[in-house]
Amino acid sequence: MSVKKLSNRLVIRESARALKPREISRRGLAVFNMAGSKLVLEGRISIISFISGLGVIIIPLLVKFGAHIDWIFDYLTDVNGKIAIAAYITVINGFLLIIYKGPLYKVAVRACFLGFAFGCGLILSFADTTWTHFGWYMCSLSFFHYSEYLVTAMINPRSLSLDSFLLNHSVEYIVAAVSSWIEFTVEQLLIPEMKQVNWLSLVGLVMVLCGESLRKAAMLTAGSNFNHIVQNEKAQTHMLVTSGVYAFFRHPSYVGWFYWSIGTQIMLCNPVCILGYTFASWRFFRERIEEEEISLIHFFGEEYIEYKKKVFTGLPFISGIRVNS
């Protein structure tokens, strides 16, 4: 799987796409305390919108606990239930369009879509269906992309942009995702028993949860030093982060993403994509780490070289850039 070049530790300059002051001047920063962090208006809107999309789970809950009620049985079961789900997201999108304008609507509609996908994933996960593991995947994928935006809003709002969702950062990433959907669907239809290896899907789920947790821990540890856009200049306010998860891995956010991506395919029992994702991800991160460490050595000199000697990259058979003593 190929992904756009991202920085896992350094924020050397602000993203050119970060929200400009005039875009939020009418409402101000409107921050509030959340888990000890200040969340900007866009982050707050994203939470409301994500939860609004997630509200789709109300429909199957009504069916489960209120099927004895005539109107619920008539309008929310079978085909009518699917129509109700489509109508729900349409109505929610309409409300968002009325409430938010311009850049704020773009944030809201993306967060709402991810919340809706997460909710649909939950519905599949608990339904009596052979697509349970795909429901797990939908939850994992939608939460990954939404949490990228939310955590960025918490730790480095100055670099926050629509790109922080990581929804459109490369054609290769989209092709890789679609390929996994196609493989799962084809194999599910032709060899359904192949998708029912529950223990293997559980292994994948554990990898996804651990990878996601490690990546977010890396982002939170780096704080304002983290940015999705690779930078090429060192600011005076930035420092080399070597504490927390960085004391165990030099590139913990890459490690987390690496195992998360492979875990999604193990969870789906996709043999072709397991191999493809492993090879493509490993090759990308090997090249990316070597390139980044050239900058790190340039910025921090002996401080980074000493850190490099003590701490493993975290990825198998990847040692990073070689330094002559």
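How each quantity is defined
- Residues numbered from 1 in each chain as written.
- Predicted model: local features only at pLDDT ≥ 70, side-chain atom pairs only at ≥ 80, totals over all residues.
- Heavy atoms only, no water.
- Helix = DSSP H or I, 4+ residues; strand = E, 2+ residues; numbered from the N terminus.
- Buried < 20%, exposed > 50% of the residue type's maximum accessible area, 1.4 Å probe, protein only.
- Contact = heavy atoms within 4.5 Å.
- Areas by Shrake-Rupley, 256 points an atom, 1.4 Å probe, with all protein chains shown as cover.
- Axes fitted to C-alpha atoms, helices over the stretch in contact; angles between N-to-C directions.
- Parallel < 35°, antiparallel > 145°, perpendicular 65-115°, else oblique.
- Nonpolar A, V, L, I, M, F, W, Y, C, P; charged D, E, K, R; others polar.
- Expected span 1.5 Å × (residues − 1).
- Salt bridge = Lys/Arg side-chain N within 4 Å of Asp/Glu carboxyl O.
- Phe/Tyr/Trp six-rings, centres within 6.5 Å; stacked < 30°, edge-to-face > 60°.
- UniProt positions renumbered as here; feature names shortened; annotations may be inferred.
- Core = buried A, V, L, I, M, F, W, Y, C linked by side-chain atoms within 4.5 Å.

Caption draft 1: Region of the structure containing the overall build of the protein. If you tally the helices and strands in the protein, you get twelve helices and two strands. Along its sequence from the N terminus, the protein presents helices and strands in the succession α-β-β-α-α-α-α-α-α-α-α-α-α-α. The buried share of the protein, reckoned over its 325 residues, is 49%. Pairs at least 24 apart in sequence give 76% of the contacts found in the protein among residues at least 6 apart. With the model as given, the accessible surface of the protein reaches about 16500 Å², and the carbon-plus-sulfur share is 66%.

Caption draft 2: Geometry of the environment of Glu303. Note on placement: Glu303 falls in helix α12 (residues 302–310). Considered as a pair, Glu303 and Leu240 are 63 residues apart in the sequence and their alpha carbons are 8.3 Å apart.

Caption draft 3: Up close: the packing of helix α11 (residues 271–300) against α12. As a packed pair, α11 and α12 sit with axes 6 Å apart at the nearest point and diverge in direction by 130°. Taken together, the axes of α11 and α12 lie oblique to each other. For the pair formed by α11 and α12, the contact residues are Glu293, Leu296, Ile297 and Phe300 on the first element and Glu302, Glu303, Tyr304, Ile305 and Lys308 on the second. Taken together, the residues of the contact of α11 with α12 break down into five nonpolar, no polar and four charged.

Caption draft 4: Broad picture of helix α10 (residues 252–267). Between the first and last C-alpha of α10 there are 22 Å, a value that for 16 residues agrees with the 22 Å anticipated at 1.5 Å per step. Counting buried positions over the 16 residues of α10 gives 15, a clear majority of the element.

Caption draft 5: Spotlight on the pattern of salt bridges. A full pass over the atoms with the stated rule returns eight salt bridges. Of the charged contacts in the structure, one is a salt bridge between Arg286 and Glu287, with a shortest N-O distance of 3.9 Å. A salt bridge links Glu306 to Lys309, with the nearest nitrogen and oxygen atoms 3.6 Å apart. You can see Glu306 and its partner Lys309 sitting in helix α12, three residues apart, about one turn around the helix. What makes Glu306 partly exposed here is its relative accessible area of 35%.

Caption draft 6: Examining the packing of aromatic side chains more closely. Summed over all chains, the structure comprises 16 aromatic pairs. On the numbers, 5.5 Å between centres and 40° between planes, the contact of Phe134 with Tyr137 is tilted. One end of the pair is Phe134 and the other is Tyr137, both in helix α7 (residues 132–155) and three residues apart, which spans about a single turn. For the residue pair Phe134 and Tyr137, the accessibility class agrees, reading buried in each case. Ring centres 5.0 Å apart and planes at 70° place the aromatic pair Phe284 and Phe285 in the edge-to-face group. A relative accessible area of 12% means that Phe284 is categorised as buried. On the accessibility criterion, Phe285 (3% relative accessible area) is buried. Put simply, the rings of Phe144, Tyr254, Trp257, Phe258, Tyr259, Trp260, Phe284 and Phe285 pair up and form one aromatic cluster.

Caption draft 7: Up close: the UniProt feature "transmembrane region" (unreviewed entry) in the protein. When the UniProt feature table is mapped onto this chain, "transmembrane region" (unreviewed entry) is found at residues 45–63, 83–100, 107–127 and 257–280. Strand forms 0% of residues 45–63 and helix 84%; the C-alpha atoms that close the span are 30 Å apart. The span residues 107–127 carries 95% helix and 0% strand; its end-to-end C-alpha distance comes to 30 Å.

Caption draft 8: Examining the packing of α7 against helix α9 (residues 198–222) more closely. The N-to-C vectors of α7 and α9 enclose an angle of 5°; their axes lie 11 Å apart at closest approach. Comparing the axis directions of α7 and α9 gives the class roughly parallel. Between α7, through His133, Trp136, Ser140, Phe143, Phe144, Ser147, Glu148, Val151, Thr152 and Ile155, and α9, the contact on the second element is made entirely by Asn198, Ser201, Leu202, Leu205, Val208, Glu212, Arg215, Lys216, Met219 and Leu220. Of the residues contributing to the contact of α7 with α9, the split by class is ten nonpolar, six polar and four charged.

Caption draft 9: Fine view of the nonpolar core. Tyr146 and Leu315 are the most contacted members of the largest nonpolar core, which totals 59 residues. For this core, the secondary structure elements donating two or more residues are α2 (41–54), α6 (103–126), α7, α8 (171–190), α9, α10, α11 and α12. Sequence-distant contacts of Tyr146, defined by excluding residues within four places in its chain, comprise Gly43, Ser46, Ile47, Phe50, Ala111, Leu114 and Phe165. Leu41, Ile45, Leu96 and Ala108 belong to the second-largest nonpolar core, a separate cluster that totals nine residues.

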